[in-house]
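Tertiary structure, described
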Amino acid sequence: MTLSHDVAGQGPSTVLLLHSGVCDRRMWDGQVPVLAEAGHRVVRCDLRGFGDTPVDAAHVHADDVRDLLDRLGVERAAVVGSSFGGTVALELAVRHPGRVSALALLASGIPGFEPGEELRAWGDREDELLDAGDLDGAVELNVDTWLGPEAGPEVRGLVREMQRRAFEVQLAAPEEFEPVTPEVTAGDLAGIKVPALVVAGAHDVPDFRAVADDLTGLLPGARRVDLAWAGHLPALERPDETARLLADFLAEVEAP
C-alpha cells in the first residue's frame, strides 16, 4: 500500500515531512509553501493509521516511507520529523541509510524510548479514557498535553481534529495489524553520519527535552536548537518561524 501523500515544488532536492503521533500531514501546512519556494520538492505523507492512510496490515513505518520514496523516484531526501515522526526518521536513517541526506528532528522521539513517570501517568490516563469509550476526553487530554502556550484556538481545533481521526482509524484496526517496531540501538544511532538539527521546546514535557539531550550526544552531525517559546509542536505553534528554521538548516547543509 502507498501512503497517502502530496507533493509541492519542483526543486532538485527533496524534503520529506513526517508528522507527529497526534497529527497527520496537515500539521505541515505552514511549512510546505516556504520550503517549496526555497527550491525544494516537498513531500508530506500520512503514516499508516493516520489521516487518509488506513491500517490494512502489520507494517514497519520506516519501510512504508522507503516504499513511498521508491514510488516517487526519490533516491535521497532530507527528512523532517516531528515527535513520533522523528522516531520514524531515525529508524529510516538506520534501516535505509542511503536514503537520508539530512535530519531535522523537532521535539523528536527516539527508538526504544522508555517514558518517565509523568509520561507513563499520561499514557495510563489516555488508556482509561479510551477503554471507557470517552474519545472526546482522550482527544482533549492530548490537545492539552502536547500544545504549548503559543497555540491558539485554531491550532487547538486542528490538533483536535487530527487526533480524533487517528484514534478512529487505529481503534478500528485488528490487533494483528499493529506496527512492528524495529530494534535500533544507541550504536546504530551513533552511526548516522548525516547532518542533523535537534530542536527542543522549553515548554515540552521533560522526557522529550531529555531525548533532545540524548540525540545531541549520540548523533555525530547534530546541532541543537532550543526554542524558548515552544511546546511539543513548534511547527503548529509558530509555523512561520519553524519554516524559516528548517529552510535555513536545509540551505546550510546543501551549500557547496
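In what follows, the structure referred to is the one given above.
Bear in mind that the values here come from a model prediction, so they are computed numbers and not experimental data. (Residues numbered from 1 in each chain as written. Predicted model: local features only at pLDDT ≥ 70, side-chain atom pairs only at ≥ 80, totals over all residues. Heavy atoms only, no water.)

1. As for the overall build of the chain
Along the chain, the regular secondary structure elements total 10 helices and 7 strands. In terms of overall dimensions, the chain has a C-alpha envelope of 55 × 40 × 35 Å along the principal axes. Per-residue burial over the chain gives 51% buried out of 256 residues. Contacts in the chain between residues far apart in sequence, at least 24 positions, make up 76% of those at least 6 positions apart. When the accessible surface of the chain is split by element, carbon and sulfur atoms take 48% of a total near 11,100 Å². Computed over 22 positive and 45 negative side-chain charges, the inter-centroid distance for the chain is 5 Å. (Helix = DSSP H or I, 4+ residues; strand = E, 2+ residues; numbered from the N terminus. Buried < 20%, exposed > 50% of the residue type's maximum accessible area, 1.4 Å probe, protein only. Contact = heavy atoms within 4.5 Å. Areas by Shrake-Rupley, 256 points an atom, 1.4 Å probe, with all protein chains shown as cover. Lys, Arg positive; Asp, Glu negative; His and termini not counted. Charge placed at Lys NZ, Arg CZ, Asp CG, Glu CD.)

2. Remarks on the pattern of salt bridges
Considering all chains together, one arrives at 22 salt bridges under this definition. For aspartate 52, the salt bridge identified is with arginine 25, shortest N-O distance 3.7 Å. In this pair, aspartate 52 sits in the loop between strand E3 (40-45) and helix H2 (61-72) while arginine 25 sits in the loop between strand E2 (13-18) and helix H1 (32-37), placing the two residues 27 residues apart along the sequence. The closest approach of N and O atoms between arginine 48 and aspartate 64, which form a salt bridge, is 2.6 Å. Taken together, the positions of arginine 48 in the loop between E3 and H2 and aspartate 64 in helix H2 put the pair 16 residues apart, joining distant regions of the chain. Judged by its relative accessible area of 9%, arginine 48 is buried. When salt bridges that share partners are traced, they join Asp6, Arg25, Asp29, Arg44, Asp46 and Asp52 into one network. (Salt bridge = Lys/Arg side-chain N within 4 Å of Asp/Glu carboxyl O.)

3. A short note on unusual backbone geometry
Phi angles above zero are rare outside glycine, and serine 83 is one such case at about 55 degrees. Within the secondary structure, serine 83 sits in the loop between strand E4 (77-82) and helix H3 (84-95). Relative accessible area serves as the criterion here: at 9%, serine 83 is assigned to the buried category.

4. Side note on the packing of aromatic side chains
Scanning all chains against the criterion turns up 4 aromatic pairs. Three or more aromatic residues joined by ring pairs form one cluster here, namely Phe113, Trp122, Trp146 and Phe208. (Phe/Tyr/Trp six-rings, centres within 6.5 Å; stacked < 30°, edge-to-face > 60°.)

5. Topic: the pairing of E3
Taken residue by residue, a regular strand's side chains alternate between the two faces of the sheet. Across the 6 residues of E3, 5 count as buried, placing the element largely inside the fold. Bridge analysis of strand E1 (residues 5-8) against E3 gives 4 bridges, and the strand direction is antiparallel. Following the sheet pairing, valine 7 is matched in E3 by valine 43. One ladder, built from 5 bridges, connects E2 with E3; its direction is parallel. Of the residues in E3, the one forming a bridge with serine 13 is histidine 40. Running through H1, the crossover from E2 to the neighbouring parallel element E3 is right-handed. (Pairing = 2+ DSSP bridges. Right-handed = clockwise from strand over helix to strand, strands pointing away.)

6. Concerning H3
A rise of 1.5 Å per residue sets the reference length of H3, with its 12 residues, at 16 Å; its end C-alpha atoms lie 17 Å apart and thus fit the reference within 8%. Across the 12 residues that make up H3, a large majority, 9, are buried. If you follow the buried residues of H3, they end up packed against E2, H2, E4, strand E5 (100-106), helix H7 (186-190) and helix H8 (206-218). (Expected span 1.5 Å × (residues − 1).)

7. Things to note about the side chain of arginine 44
Tracing the backbone through its elements, the reader meets arginine 44 in strand E3. On the basis of relative accessible area, arginine 44 is assigned to the buried category, the value being 13%. A distance of 3.0 Å separates a polar side-chain atom of arginine 44 from the backbone oxygen of arginine 25. Within the structure, arginine 44 has its side chain in polar contact with the side chain of aspartate 29 (distance 2.6 Å). Sequence-distant contacts of arginine 44, that is, excluding residues within four places in its chain, are made with Ser4, His5, Asp6, Leu17, Arg25, Arg26, Trp28, Asp29 and Val32. (Polar contact = N/O pair within 3.5 Å; in protein donor to acceptor, adjacent residues only side chain to side chain.)

8. Quick look at the sheet that holds E1
The mixed open sheet is built from 7 strands, whose spatial order is E1-E3-E2-E4-E5-E6-E7. Sheet topology places E1 and strand E7 (222-227) at the edges, where each strand pairs with a single neighbour. Mean inter-strand twist for the sheet, computed between neighbouring axes without regard to direction, equals 15 degrees. The pairing of E5 with strand E6 (residues 196-201) spans 4 bridges and is parallel. Of the residues in E6, the one forming a bridge with leucine 103 is alanine 196. (Axes fitted to C-alpha atoms, helices over the stretch in contact; angles between N-to-C directions.)

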